[in-house]
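Each chain is listed here by its residues.
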Amino acid sequence: MTLGGGAAVAQTKGSPEHIKSAVGAVDSASIKANTATSKDWPTYGLDYAETRFSKLDQINASNVKDIGLMWTYSLESIRGVEATPLVVDGIMYVSAPWSIVHAVDTRTGKRLWTFDPGVDREKGYRGCCDVVNRGVALYKGKVFVGAYDGRLIAIDAASGQKVWEKDTITDRKMSYTITGAPRVFNGKVVIGNGGAEYGVRGYVTAYDAETGDQKWRWFTVPGDPSKPFEDGSMEAAAKTWDPAGKYWVSGGGGTAWDTITFDPDLNMVYIGTGNGSPWNRNIRSPAGGDNLYLGSIVALNAETGKYIWHYQETPGDNWDYTSTQPMILADITIDNQPRKVVLHAPKNGFFFVIDRTNGKYISAKNFVDVNWATGYDASGRPIEVPEARTPDKSFDSIPGPFGAHNWHPMSFNPQTGLVYLPAQGVPLNLTGEKKFVQNDPGPFKYAATTGWNIGFTLNTEPPKNLPFGRLIAWDPVKQKEAWRAEYVAPWNGGTLTTAGNLVFQGTADGRFVAYNAKTGEKLWETPVGTGAVAAPSTYEVDGKQYVSIAVGWGGVFGITQRATDREGPGTVYTFAVGGKAPLPAFTKYQIGNLLKGVKYDPKDVPDGTAIYVSACASCHGVPGVDKGGNVPNLGYSAPETITNLKDIVFGGPFKDKGMPDFTGKLTEADLTKIQAFIQGTADAIRPK
Ligand SMILES: O=C(O)c1cc(C(=O)O)c2c(n1)C(=O)C(=O)c1cc(C(=O)O)[nH]c1-2
Ligand SMILES: [Ca+2]
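Quantities reported herein were computed from a predicted structural model and do not represent experimental measurements.

### What about the domain arrangement of the chain?
Alright, step 1. Domain boundaries assigned for the chain yield domain 1 (24-588) and domain 2 (602-685).
Alright, step 2. Measuring from the centre of the C-alpha atoms in domain 1 to the corresponding centre in domain 2 gives 31 Å.
Alright, step 3. Listed per partner, the contact involves 25 residues of domain 1 and 26 residues of domain 2.
Alright, step 4. Contact with domain 2 buries surface across domain 1, with E122, T449 and T560 losing the most and accounting together for 29% of the total.
Alright, step 5. The interface formed by domain 1 and domain 2 holds zero salt bridges in total.

### Notes on the site of ligand 1
Alright, step 1. In the neighbourhood of ligand 1, 20 residues make up the surrounding shell, with E82, T179, G195, T255 and K347 lying closest.
Alright, step 2. Within the side chain of E197, one N or O atom sits 3.1 Å away from an oxygen atom of ligand 1.
Alright, step 3. Within the side chain of W407, one N or O atom sits 3.0 Å away from an oxygen atom of ligand 1.
Alright, step 4. In isolation ligand 1 has 460 Å² of accessible area, and contact with the protein removes 98% of it.
Alright, step 5. Grouping the amino acids of the shell around ligand 1 by side-chain chemistry returns eight nonpolar, seven polar and five charged.

### Overview of the coordination of the calcium ion (ligand 2)
Alright, step 1. Distances from the calcium ion (ligand 2) to its protein donors, namely E197 (OE), E197 (OE), N275 (OD1) and D320 (OD), fall within the range 2.3 to 2.8 Å.
Alright, step 2. Coordination of the calcium ion (ligand 2) draws on donor residues from a single chain, spaced E-x77-N-x44-D in sequence. Of this pair, N275 sits in the loop between strand 17 (268-272) and strand 18 (276-277) while D320 sits in the loop between strand 20 (307-312) and strand 21 (328-334), and the two are 45 residues apart along the sequence.

### Some words on the pattern of salt bridges
Alright, step 1. All chains considered together, the criterion is met by 43 salt bridges.
Alright, step 2. For R389, the salt bridge is made with E384, and the minimal N-O distance between the two is 2.7 Å.
Alright, step 3. Judged by its relative accessible area of 13%, R389 is buried.
Alright, step 4. With a relative accessible area of 29%, E384 lands in the partly exposed category.
Alright, step 5. Each of D263, D265, D331, K340 and R356 takes part in one network of salt bridges that share partners.

### Considering the state of the cysteines
Alright, step 1. Overall, the coordinates contain one disulfide when judged by the stated rule.
Alright, step 2. Disulfide pairing places C128 opposite C129 at an S-S distance of 2.2 Å. On the S-S bond that ties C128 to C129, the torsion sits near -105°, and the link is left-handed.
Alright, step 3. The exposure class assigned to C128 is partly exposed, which follows from its relative accessible area of 24%.
Alright, step 4. Classification of C129 by relative accessible area gives partly exposed; the value is 24%.

### Observations concerning the sheet that holds strand 10 (residues 162-167)
Strand pairing within a sheet occurs via backbone hydrogen bonds; the two strands may be parallel or antiparallel.
Alright, step 1. Taking strand neighbours across the sheet as the criterion, the four strands line up as 7-8-9-10 in an open arrangement whose pairing is antiparallel. Of all the strands in the sheet, just strand 7 (137-139) and strand 10 have a single pairing partner and so form its edges. Each adjacent strand pair in this sheet contributes to an overall mean axis angle of 20°, direction not counted.
Alright, step 2. Taken together, the five bridges between strand 8 (residues 142-146) and strand 9 (residues 151-156) define a ladder with antiparallel strand orientation. The residue of strand 9 that forms the bridge with V145 is I153.

### Things to note about the sheet that holds strand 24 (residues 361-366)
Alright, step 1. Read across the sheet, four strands follow the order 21-22-23-24 without closing on themselves; strand pairing throughout is antiparallel. With one partner strand each, in any of the chains shown, strand 21 and strand 24 form the two edges of the open sheet. Averaged over all adjacent pairs, the angle separating strand axes in this sheet is 30°, with direction ignored.
Alright, step 2. Pairing analysis gives seven bridges linking strand 21 to strand 22 (residues 337-344), with the strands arranged antiparallel. Following the sheet pairing, I332 is matched in strand 22 by R339.

### Some remarks on the packing of helix 6 (residues 605-615) against helix 10 (residues 668-685)
Between two packed helices, what matters for the description is the angle formed by their axes and the separation of those axes.
Alright, step 1. Taken N-terminus to C-terminus, the directions of helix 6 and helix 10 make an angle of 100°; their axes are 7 Å apart at the nearest point. With respect to helix 10, the axis of helix 6 lies roughly perpendicular. Here V605, D607, G608, T609, I611 and Y612 of helix 6 lie close against helix 10, whose contacting residues are D670, K673, I674, A676, F677 and I678.
Alright, step 2. Across the contact of helix 6 with helix 10, the residue classes break down as seven nonpolar, two polar and three charged.

### Details of the UniProt feature "domain: Cytochrome c" (unreviewed entry) in the chain
Alright, step 1. In the numbering used here, UniProt assigns the feature "domain: Cytochrome c" (unreviewed entry) to residues 603-682.
Alright, step 2. As annotated, residues 603-682 has a helix share of 50% and a strand share of 0%, and its two end C-alpha atoms lie 16 Å apart.

### Overview of helix 1 (residues 16-24)
Residues separated by three or four positions in an α-helix point in the same direction, a consequence of the helix having 3.6 residues per turn.
Alright, step 1. Turning to helix 1, its buried residues number three or more, namely H18, I19, A22 and V23. With its buried residues spanning 100° around the axis, helix 1 presents them on a single face.
Alright, step 2. On its buried face, helix 1 sits against strand 3 (86-88), strand 4 (91-96), strand 6 (110-115) and strand 7.

### Quick notes on helix 6
Alright, step 1. For helix 6, every residue scored as buried is listed here: G608, A610, I611, Y612, V613, S614 and A615.
Alright, step 2. As for helix 6, its buried residues are in contact with helix 7 (617-620) and helix 10.

### Observations concerning the side chain of T205
Alright, step 1. With respect to the helices, strands and loops of the structure, T205 is situated in strand 13 (residues 203-208).
Alright, step 2. In this structure T205 comes out as buried when scored by relative accessible area, which is 0%.
Alright, step 3. Looking at T205, its side chain comes within polar contact range of the side chain of R217, at 2.9 Å.
Alright, step 4. Not counting residues within four places of it along the chain, the set of residues in contact with T205 comprises V189, V190, I191, Q214, W216 and R217.

### A look at the packing of aromatic side chains
Alright, step 1. Under the definition given, this model contains 38 aromatic pairs.
Alright, step 2. Measuring from centroid to centroid gives 5.6 Å for W218 and Y293, while their planes differ by 50°, and the two rings are tilted. With W218 in strand 14 (residues 214-219) and Y293 in the loop between helix 4 (281-284) and strand 19 (296-301), the pair connects residues that are 75 residues apart, well separated along the chain. Accessibility assignment for this pair places W218 and Y293 in one class, buried.
Alright, step 3. Plain terms: the ring middles of Y270 and W309 are 5.6 Å apart, the flat faces sit at 35° to each other, and that makes the pair tilted. Note that Y270 is positioned in strand 17 and W309 in strand 20, a separation of 39 residues in sequence.
Alright, step 4. In this structure W309 comes out as buried when scored by relative accessible area, which is 5%.
Alright, step 5. Three or more aromatic residues joined by ring pairs make a cluster, and in this case those are Y311, W319, Y321, F350, F352, Y361, W372 and Y376.
Alright, step 6. Between the NZ or CZ atom of R52 and the centre of the ring of Y44, over which it lies, the distance is 4.5 Å.

### Quick word on the nonpolar core
Alright, step 1. In this structure, Y93, V143, V204 and F504 are the most contacted members of the largest nonpolar core, which totals 86 residues.
Alright, step 2. Among all residues touching V143, those that are not within four sequence positions of it are Y93, V101, W113, V136, A137, L138, I153, A154, I155 and A157.
Alright, step 3. Formed by 60 residues, the second largest nonpolar core is a distinct cluster that contains A299, F351, V426 and W553.

### Focus: the pairing of strand 39 (residues 544-551)
Alright, step 1. Judged by how many residues are buried, strand 39 sits mostly within the fold: seven of eight residues are covered.
Alright, step 2. In this structure, strand 38 (residues 537-541) lies alongside strand 39, joined through five bridges in antiparallel fashion. Within the sheet, the bridge partner assigned to Y539 lies in strand 39 and is Y546.
Alright, step 3. Between strand 38 and strand 39, which pair antiparallel in sequence order, lie two residues; one of them, D542, sits at a positive phi of approximately 50°.
Alright, step 4. The pairing of strand 39 with strand 41 (residues 571-577) spans five bridges and is antiparallel. Bridging across to strand 41, I549 finds its partner in Y573.

Cut-off values and rules
- Residues numbered from 1 in each chain as written.
- Chains lettered and ligands numbered in written order.
- Predicted model: local features only at pLDDT ≥ 70, side-chain atom pairs only at ≥ 80, totals over all residues.
- Heavy atoms only, no water.
- Domains from an automatic or database assignment.
- Contact = heavy atoms within 4.5 Å.
- Buried area = accessible area lost by both parts, 1.4 Å probe.
- Salt bridge = Lys/Arg side-chain N within 4 Å of Asp/Glu carboxyl O.
- Near = heavy atom within 4 Å.
- Polar contact = N/O pair within 3.5 Å; in protein donor to acceptor, adjacent residues only side chain to side chain.
- Areas by Shrake-Rupley, 256 points an atom, 1.4 Å probe, with all protein chains shown as cover.
- Nonpolar A, V, L, I, M, F, W, Y, C, P; charged D, E, K, R; others polar.
- Donors = N, O, S within 2.8 Å, 3.2 Å for Na, K, Ca; no water.
- Helix = DSSP H or I, 4+ residues; strand = E, 2+ residues; numbered from the N terminus.
- Buried < 20%, exposed > 50% of the residue type's maximum accessible area, 1.4 Å probe, protein only.
- Disulfide = S-S within 2.5 Å.
- Pairing = 2+ DSSP bridges.
- Axes fitted to C-alpha atoms, helices over the stretch in contact; angles between N-to-C directions.
- Parallel < 35°, antiparallel > 145°, perpendicular 65-115°, else oblique.
- UniProt positions renumbered as here; feature names shortened; annotations may be inferred.
- Arc of directions from axis to C-beta.
- Phe/Tyr/Trp six-rings, centres within 6.5 Å; stacked < 30°, edge-to-face > 60°.
- Lys NZ or Arg CZ within 6 Å of the ring centre and 35° of its normal.
- Core = buried A, V, L, I, M, F, W, Y, C linked by side-chain atoms within 4.5 Å.

Here you go:
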């Protein structure tokens, strides 16, 4: 066998030498070249356009019924698994909770190495939405991972040893985290961060892939006006914020916590920016204003990081409507004109088609029911419903802050012309805070004890709309649904589509399903160990096509809620035609009895409710009502656990699992009240 350099050395596949040459050859040119065959899956969305459309068709609509399990690989995790597995010549790189990276030989399903960046487990509460990681990036023999605590780390792809590490965080006092997959192009690795529920200012940074040296940084929202603007885009943006809101004190938000999409044709990188911080615009910018660049797609020069254009999908965000959802770059024909577009389905419930050469709006249409806007006008501005921002009334925002579409990647199949979009509804009611004080852990302020600052109280009135989850096949040209598959719950997985006329998706209720991409007919399914939220990938090894999915229930919805009676560990499942491996033994989710017998004073229940909402609800859910996600529901704890709450809440005995030490944040008197709320709620819902 002759290798690239002309050396006639036969390598054992999976050996360090093989990995050095295979992953060493990954660069922008090879990622582009791979689109001709889709043999490898070298970057988060498969290709730079992030289509998640594979040209492989060995597995297709006629034979998908014959695929079976080849192997499973345990990620040994209990929290959410959101990563898309990358594969180059049979070597898989997949990340697990706490940003742990696993290298797996797909020829055997065996571990090559793991890398644990050593994120302080006690700091899990510094991110809003589970200690997840959406995946790694590969470039010239290195694996890049964004660690949850904000470090960007380069790892040697063959040895699993750290090559370099950079602290990407500008201000360590603030709750910044990284959950997204880095993107690498032309020798630069780009990463953003999360934290807009806590009061941070968003930005993205490019580093030299080889050395880790910083190349450029672009802030998404303006900073303290007493300091100079970083660039002209910040000067322009500041005009759309009301300084009376002192937005820089609560960071402003706009965090780029997921999508960063490189466009090799136009040498631009598109950043999807997040929600406002705090969410409530009346507090953040009392006189109103669009608050650029929240809820936007922003094009930057890929070389310099300089602003080129923006399109704001949610002007003056008020509802946690992030535009961080994954983008797809497509060349499609609209009104007989070939157009270079971005396809995008942000949280706000509208499907957007944007001209990516200049950021001009082409069309937007709601893909689920929405109640905050009736549509978009010809200039691309939403026609808002006034009640959606009433300061003195509560509002069932539809979509709610979980979004009509969250981070779960969609895919686009040019053969069907359809986008496969995991859509959902998670009801939530928002009531504006009358008096907002940054970092006040006060009662009823959701998750405020762990640092949230959103300017709303949640569900002070029970929401009236109903939850749902569905797969939508969406025609972006007609802006119309072609078919749908309904699910039992929200929070289903990302999608993959192939030239075999297939769509693959994992589901919240613990299945992995294949559909006919044209018609939506279900062609195959298998149970997997727990709810699946990540997107699958497909690749060819030694002439054979495989499909892999990393399964592990979690993410913001999955911390507190569930749709299966199974639980972890996080596991990679790999399927191929003729696979005959037995499914692993699934672990049954052990839910205790509804809590009974904890002594409490009913007078403590109202205060207990208020404290629970601020300190416990974001991870433990509503006692007894929710059934526990990847974190236990306290309404089903043993009575001794609740009676002795102080043994868990103080001193950090479960900090390895992500439970913070509340010493100094809660008192023993608070715990007495929390106990009253937990037992009181369990008693209130107990069937008579
Ligand atoms: O505003 C932010 O900075 C931020 C960060 C993240 C994150 O980093 O995971 C999420 C969100 N917001 C968010 O609004 C959201 O719905 C969400 C879901 C998830 C998830 O992984 O399940 N992360 C995030
Ligand atoms: Ca957010």
